[in-house]
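Inside the fold
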Amino acid sequence: QVQLVESGGGLVQAGGSLRLSCAASGRTFSPYAMGWFRQAPGKEREYVAAINYRSLTTYYTDSVAGRFTISRGNAKNTVYLQMNSLKPEDTAVYYCAAGLKSSMRDYDYWGQGTQVTVSS
């Protein structure tokens, strides 16, 4: 089984930056796509960003486009989410996901999440 572990969350003031990391372990890691999702209290889980591991095509939801950047580590077992110009509405638990099939929306493995809190 593939295990995903997120790190890099924390408390930051509005306008600041954080970089989230996701590390995969357990077996050879060759996903089609990796994604980041988030869930704020009382809200539905939100699709934030994704990257195609072959073409490096990326997707961002409108609310983070221009502020967040998803990237693949050179070893291909890691993915990052660089978050700049953070806003209080970015506060959520952020989850890493890995997909094996040819989709940037359907994922097979999920991490446990890391808390991001942005103060005003």
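One structure accompanies this document, and this report is about it. (Residues numbered from 1 in each chain as written. Predicted model: local features only at pLDDT ≥ 70, side-chain atom pairs only at ≥ 80, totals over all residues. Heavy atoms only, no water.)

**Section: the overall build of the protein**
- A tally of helices and strands in the protein yields 0 helices and 11 strands.
- Along the protein, helices (α) and strands (β) appear in the sequence β-β-β-β-β-β-β-β-β-β-β when read from the amino end.
- The C-alpha radius of gyration computed for the protein amounts to 13 Å, which stays within 12% of the reference 14 Å derived for 120 residues, consistent with globular compactness.
- When its C-alpha atoms are laid out on the principal axes, the protein stretches across 40 × 25 × 25 Å.
- For the protein, buried positions account for 43% of its 120 residues.
- Put simply, 55% of the contacts in the protein that link residues at least 6 apart link residues at least 24 apart.
- Surface summary for the protein: the accessible area is close to 6400 Å², and the carbon and sulfur share equals 44%.
- Within the protein, one finds 12 positive and 8 negative side-chain charges whose respective centroids are separated by 8 Å. (Helix = DSSP H or I, 4+ residues; strand = E, 2+ residues; numbered from the N terminus. Rg over C-alpha atoms; globule rule 2.2 N^0.38 Å. Buried < 20%, exposed > 50% of the residue type's maximum accessible area, 1.4 Å probe, protein only. Contact = heavy atoms within 4.5 Å. Areas by Shrake-Rupley, 256 points an atom, 1.4 Å probe, with all protein chains shown as cover. Lys, Arg positive; Asp, Glu negative; His and termini not counted. Charge placed at Lys NZ, Arg CZ, Asp CG, Glu CD.)

**Here we look at the state of the cysteines**
- A complete count under the given rule lists 1 disulfide for this structure.
- Paired through a disulfide, Cys 22 and Cys 96 show a sulfur-sulfur distance of 2.1 Å. Taking the torsion about the S-S bond as the criterion, the Cys 22 to Cys 96 disulfide, at about -80°, is left-handed. A residue pair is termed long-range when its members are at least 10 positions apart, and Cys 22 in strand E3 (residues 18-25) and Cys 96 in strand E9 (residues 92-99) qualify at 74 residues.
- Under the relative-accessibility criterion, Cys 22 is labelled buried at 2%. (Disulfide = S-S within 2.5 Å.)

**Digging into the packing of aromatic side chains**
- The full count for this structure, using the stated rule, is 5 aromatic pairs.
- Between Phe 37 and Trp 110 the ring centres are 4.8 Å apart and the planes differ by 55°, which places this aromatic pair in the tilted class. One end of the pair, Phe 37, is in strand E4 (residues 33-39); the other, Trp 110, is in strand E10 (residues 109-110), with 73 residues separating them in the sequence.
- With a relative accessible area of 6%, Phe 37 lands in the buried category.
- Trp 110 sits in the partly exposed class, given a relative accessible area of 32%.
- Ring pairing ties together the aromatic residues Phe 37, Tyr 47, Tyr 59, Tyr 107 and Trp 110, which thus form one cluster.
- The ring of Phe 37 carries Arg 45 above its face, with NZ or CZ at 5.3 Å from the centroid.
- Sitting over the face of the ring of Tyr 53, Arg 72 holds its NZ or CZ atom 5.7 Å from the ring centroid. (Phe/Tyr/Trp six-rings, centres within 6.5 Å; stacked < 30°, edge-to-face > 60°. Lys NZ or Arg CZ within 6 Å of the ring centre and 35° of its normal.)

**Observations concerning the environment of Val 48**
- Of note, Val 48 is situated in strand E5 (residues 46-52).
- The exposure class assigned to Val 48 is buried, which follows from its relative accessible area of 0%.
- Taking the C-alpha atoms as reference, Val 48 lies 9.1 Å from Tyr 94; in sequence the two are 46 residues apart.
- If we ignore the near neighbours within four places in the chain, the residues touching Val 48 are Trp 36, Phe 37, Arg 38, Tyr 59, Tyr 60, Thr 61, Val 64 and Phe 68.

**Considerations on unusual backbone geometry**
- A positive phi angle is found at Leu 56, which is not glycine, with a value near 65°.
- Note on placement: Leu 56 falls in the loop between E5 and strand E6 (58-60).
- At Ser 85, a residue that is not glycine, the phi angle is positive and equals roughly 50°.

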